[in-house]
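Read off the chains here:
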Amino acid sequence: MTAAEMPTHQARLAARRLSVGYDSRKVLDGIAVEIPNNTFSVIVGPNACGKSTLVKALARVLRIQSGEVLLDGSPLSQYTPKEVARRLGMLPQAPHVPDGILVEDLVARGRYPHQGLFRQWSQEDADAVDTALRRARVEQLRDRLLTELSGGQRQRVWIAMALAQMTPLLLLDEPTTFLDISHQVEVLNLCRRLQREGTTVVAVLHDLNLAFRYADHVIVMRSGGIVAQGPPREVISAELIEKVFDLSCRIIEDPETGTPLVIPQNPDTAAKGS
Amino acid sequence: MSASSKATPVGTVSHPGQGRSRRHVVLRASGRSLKVERRTLSVCAVMLAVCAGLGTAGLLLGDYPLTVRQVIGYLFGDHTDPLAGFFVREQRLPRVLLAVLVGAALGVSGQVFQSLSGNPLGSPDIIGFTTGSATGAVLQIIVFDAGPAGAAGGALLGGFATALVVYLLAHRGGVSGLRLVLVGIGIGLMLGALNTLLVARASLVAAQTAAQWLAGSLNATTWSQVGLVSAALVLLLPMALVRGRTLTAMTLGDASAAALGIRPERQRLVLVVCGVALVAVATAACGPIAFIALAAPQLARRLTRSSGAGLLPAALMGACLVLGSDILAQRLFAPTQLAVGVVSGTLGGIYLIWLLAMERSRL
C-alpha cells in the first residue's frame, strides 16, 4: 500500500478501490470514500446510484467484489462479524417488524453482538438499553407495541436498537424516507445530537437541503461513483447538482444556517430567458 | 437490582431494576446468565406439567388399565405383576417417549421454518417436506417392497430431496417467505397426488401397509425406534436450540441480522438442514403426523406472547399435542385404535381454519 492510499488517521471508516455488484452488474465501481471521525456524514445522489449499496458494503452486510473497506485502519475481513457489529451499527432501509414486539424488546435485540449463549444478559446490557432509549428519546415508549407507534417514533426506536449496540459508528440507510417534514427534522436532530455525543454518524438522505444543513461531510454519488466529498459549503455548487441530478438550479444560502440551499430553476422563466 | 453478575450468588434470580419492566427474569450462575421472559418461563413450566400428566395418563390408560401405584411400582423395580410390566415396558412407555420426542422435533422444526420464512404457513407440513418424506417411504414400501427400516430411510431421503427441490425452485437471489410457501404448497400437492397414485396402483398388501404408514401412527412403537429417534434428536435439538437467539435476530431480516454480527446465509443453511432433518426423522419414525409443526409454534407463541422465536416452548407444545392426540387416538373409539395423524390432522385442520379466519379479519 502506497502512502497516498493510506487512510488519514481521522477516518474511522474508509473504502479503497471498492467494487460491489449483484450477479454480473457492478453497482459500485472502484470507489474511494472516507468517513471522518466524529462527523455527521451524509450520502446523497439520484435514485439507484449505489448509495444503499455503499452503506451495506461499509457495514459488511454485502459481500464486496474487490478493493477493501478499512474499519479503524484494518480491513473489515480481519474482523469477525460480531467484532464488526461491536464497532459499527447499521440500520437498513426497511427492517422487518416482528409480530407483537414491544419497544424495549426490540431495542434489547441490539445487544446481540455483545452476548453469548451463556452470557445472555448482564447489567451492562440493561444499562445499554436504558441509555439507548434515553438517547433516542423513546424511554416513555418502552412498554408500547412497535406497531402502534407513529412513523417518526418507530424510526427513533429502530435507531435506539442500533444505539444499544454501543458502537462508535452508526450507519443509517434512508432513515427519513416516508416521514413528514417534522419527523424528518426530529430524526436529523437526533443524528446531530448523537454526533455531538461522540458517535460518528453516516446517513443516506434524499432531501438535499436538509442534508446540506445537517451534514459536516457530504458524499455525492452518481451511477456507482463518487462525484464529490467534503463539507457541503465547500463542495456543493449549481454545476455539481446539475451534473449529478440533471437539474438546472440555483444555490442560495439557507437563511437559517447559511448552508447551501438548492432552488430548482423555474422552467417557464428559463424558457423566457434563453 | 444493581448487583453485578459476579456478586450475585449462584442460582439466584435477579429482577431488572426500577424503571424497567419486570417482564423478564435473569438466571445467573457463576458469571453466566440466561434471560427468560417471566411469562415464557411459567408457560413452559405448565406445559412440562401437562406433558408429564399426559405421559402418566398414557401409561395408565388402555384395555388393561393400570393404577398409578402399579406403574410407579413397576418403574421403581417392583416386578410382581408381569402383565403390568409387559404393558408398561413394551407397549406404553416406548409409545409415550416416542410421542414426546416426535412432538418436540416437529415443534422445533415448525418454529425454525416459520421464523425463517416469516410466515406461519411456512411450516414443513404445509410446504411439502412432510409429504415428500411420505413419498420416499411409500416408494420404498410399494416399489421396493421394503420393511419398516427401508421405509424410514426412504422418508429421510424423501424429506431432504423435497426440501432441496423446494428451495432451489423458490430461490431467486435469496429465498423470500411467501415464495417459499407458494412453491412448497405446489410441490406438496403434487407429491400428495403422487402418493395417492402410488397407493392406488399398488398390490393390496403393499397398499394397506402404505396407507397405514401414511396415516401416521404410534401403534406398535418399539424401543429401537425410540433409540434411533433419541440419537438423532440428541444431535439435532441442541444444534437448533443454541441458535434460538440467532433465529430471533434473523426475524428482523437479513440486513438487520448481518448488522448484528450474524452471517445470515450460513446460519440459515444450518437451521434449514437441522429443521429438515428433524421433520424427516419424526416422519421416518411414525409416518406423517399432520399439523403439529404448523400449530405447535403458533399456539406456544400465543401462550407466551413472546415476539422471539421460542424453540423450547414450541418443542414442549409439540410434545403435548402429539401425546394428547395419541391418547385421544387410542381411547376415543376404543378398542378401535385410530392413527395419531388422523386426530392431529382433524384438530389441526380446525386450527388452520381459525388461523386463516383470523388472518383474514386482520387484512
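Residues numbered from 1 in each chain as written. Chains lettered and ligands numbered in written order. Predicted model: local features only at pLDDT ≥ 70, side-chain atom pairs only at ≥ 80, totals over all residues. Heavy atoms only, no water.

*Asks:* Give a detailed account of unusual backbone geometry, specifying residues and quantitative values.
*Replies:* Apart from glycine, the bulk of residues carry a negative phi angle, and the bulk of peptide bonds sit in the trans form. All names here are of chain A. Despite not being glycine, glutamate 174 shows a phi value in the positive range, around 50°. By the element assignment, glutamate 174 lies in the loop between β7 (169-172) and α6 (181-196). Look at serine 223: it is not a glycine, yet its phi comes out positive at around 30°. With a relative accessible area of 61%, serine 223 lands in the exposed category. (Helix = DSSP H or I, 4+ residues; strand = E, 2+ residues; numbered from the N terminus. Buried < 20%, exposed > 50% of the residue type's maximum accessible area, 1.4 Å probe, protein only.)

*Asks:* Describe in detail the interface of chain A and chain B, supporting the description with residues and values.
*Replies:* Listed by partner, the interface residues are 40 residues for chain A and 35 residues for chain B. On the chain A side of the interface with chain B, the three residues burying the most area are Arg109, Tyr112 and Trp121 of chain A, jointly 22% of the side's total. Between chain A and chain B we count zero salt bridges in total. Seen at the junction of chain A and chain B, the total is eight residue pairs in polar contact (both at pLDDT 80 or more). Contributing elements (two or more residues each) for the side of chain A that touches chain B: α2 (81-87), β6 (88-91), α3 (103-109), α4 (123-135) and α5 (151-164) of chain A. Of all the elements, α3 of chain A adds the most residues to the side of chain A that touches chain B, at five residues. Tallied by class, the residues present in the side of chain A that touches chain B amount to 20 nonpolar, nine polar and eleven charged. (Contact = heavy atoms within 4.5 Å. Buried area = accessible area lost by both parts, 1.4 Å probe. Salt bridge = Lys/Arg side-chain N within 4 Å of Asp/Glu carboxyl O. Polar contact = N/O pair within 3.5 Å; in protein donor to acceptor, adjacent residues only side chain to side chain. Nonpolar A, V, L, I, M, F, W, Y, C, P; charged D, E, K, R; others polar.)

*Asks:* Lay out the sheet that holds strand β2 (residues 25-36) of chain A in plain terms, naming residues and giving numbers.
*Replies:* All names here are of chain A. Read from one edge to the other, the open sheet built from four strands follows the order β2-β1-β4-β5, with strand pairing classed as antiparallel. The two strands at the open ends of the sheet, each matched to only one other strand, are β2 and β5 (74-75). Here strand β1 (residues 11-22) pairs with β2 via eight bridges, running antiparallel. Its bridge partner being in β2, alanine 14 is matched across the sheet by glutamate 34. Relative to the sheet, helix α1 (residues 51-58) contacts β1, β2 and β4 (66-71), its axis offset from that of β1 by approximately 120°. (Pairing = 2+ DSSP bridges. Axes fitted to C-alpha atoms, helices over the stretch in contact; angles between N-to-C directions.)

*Asks:* An account of the sheet that holds strand β3 (residues 40-44) of chain A is requested, with residue identities and associated values reported.
*Replies:* Residues and elements named next belong to chain A. Read from one edge to the other, the open sheet built from six strands follows the order β6-β7-β8-β3-β9-β10, with strand pairing classed as mixed. Edge positions in the open sheet fall to β6 and β10 (225-230), since each of these has one partner strand only. Taken pair by pair, the neighbouring strands of this sheet meet at an average axis angle of 15°, ignoring direction. One ladder, built from four bridges, connects β7 with strand β8 (residues 200-204); its direction is parallel. Across the sheet, residue leucine 170 finds its bridge partner in β8, namely valine 201. Packing against the sheet, α6 makes contact with β3, β7 and β8, and its axis sits at approximately 140° to β3.

*Asks:* Any chance you could break down the pairing of strand β12 (residues 260-264) of chain A for me, citing the residues and the numbers?
*Replies:* Side-chain positions along a regular strand alternate between the two faces of the sheet. Residues and elements named next belong to chain A. The pairing of strand β11 (residues 249-253) with β12 spans five bridges and is classified as antiparallel. Each residue of the ladder has a partner; that of cysteine 249, found in β12, is proline 264. In this antiparallel pair of consecutive strands, β11 and β12, the connection spans six residues, and glycine 258 shows a positive phi of 75°.

*Asks:* Requested: an account of the environment of leucine 34 of chain B, with residues and values cited.
*Replies:* Take leucine 34 of chain B: it is sitting in strand β3 (residues 32-37). When its relative accessible area of 36% is taken as the criterion, leucine 34 of chain B is described as partly exposed. With residues up to four places along the chain from it excluded, the contact list for leucine 34 of chain B reads Leu117 and Gln120 of chain A together with Val25, Val26 and Leu27 of chain B.

*Asks:* So what about the confidence of the model for chain A? Which residues, and what values?
*Replies:* With 94% of its residues at a pLDDT of 70 or more, chain A shows a mean pLDDT of 88. Confidence drops under a pLDDT of 50 for residues 1-8 of chain A, and excluding neighbours within four residues, the segment shows ten contacts in the predicted structure. (pLDDT = per-residue confidence, 0-100.)

*Asks:* So what's going on with the nonpolar core? Residues and values would help.
*Replies:* Across soluble globular proteins, nonpolar side chains have a tendency to be buried as a group. With 132 residues, the main nonpolar core has Val107, Ile159 and Phe212 of chain A together with Phe129 of chain B as its most contacted residues. A total of 14 residues in this core trace back to one element, the largest contributor, which is helix α3 (residues 82-117) of chain B. Dropping the residues within four chain positions of it, phenylalanine 129 of chain B is found in contact with Phe113, Pro124, Gly159, Thr162, Ala163, Val166, Tyr167, Val276 and Val279 of chain B. Counting 30 residues, the second largest nonpolar core, distinct from the first, contains Ala15, Val55, Leu76 and Ile219 of chain A. (Core = buried A, V, L, I, M, F, W, Y, C linked by side-chain atoms within 4.5 Å.)

*Asks:* Quick rundown of the packing of helix α8 (residues 223-241) of chain B against helix α11 (residues 264-286) of chain B? Include the residues and the values.
*Replies:* Residue and element names in this part refer to chain B. At a minimum axis distance of 10 Å, the contact between α8 and α11 shows a crossing angle of 165°. It follows from the interaxial angle that α8 and α11 lie roughly antiparallel. When the axes of α8 and α11 are compared, the crossing they make is left-handed. On the side of α8, the interface is formed by Gln225, Val229, Ala232, Leu233, Leu236, Leu237, Met239 and Ala240, while α11 contributes Val270, Cys274, Ala277, Leu278, Val281 and Ala285. For the contact of α8 with α11, the class distribution of residues is 13 nonpolar, one polar and no charged. (Parallel < 35°, antiparallel > 145°, perpendicular 65-115°, else oblique. Left-handed = near helix turned anticlockwise from the far one by under 90°.)

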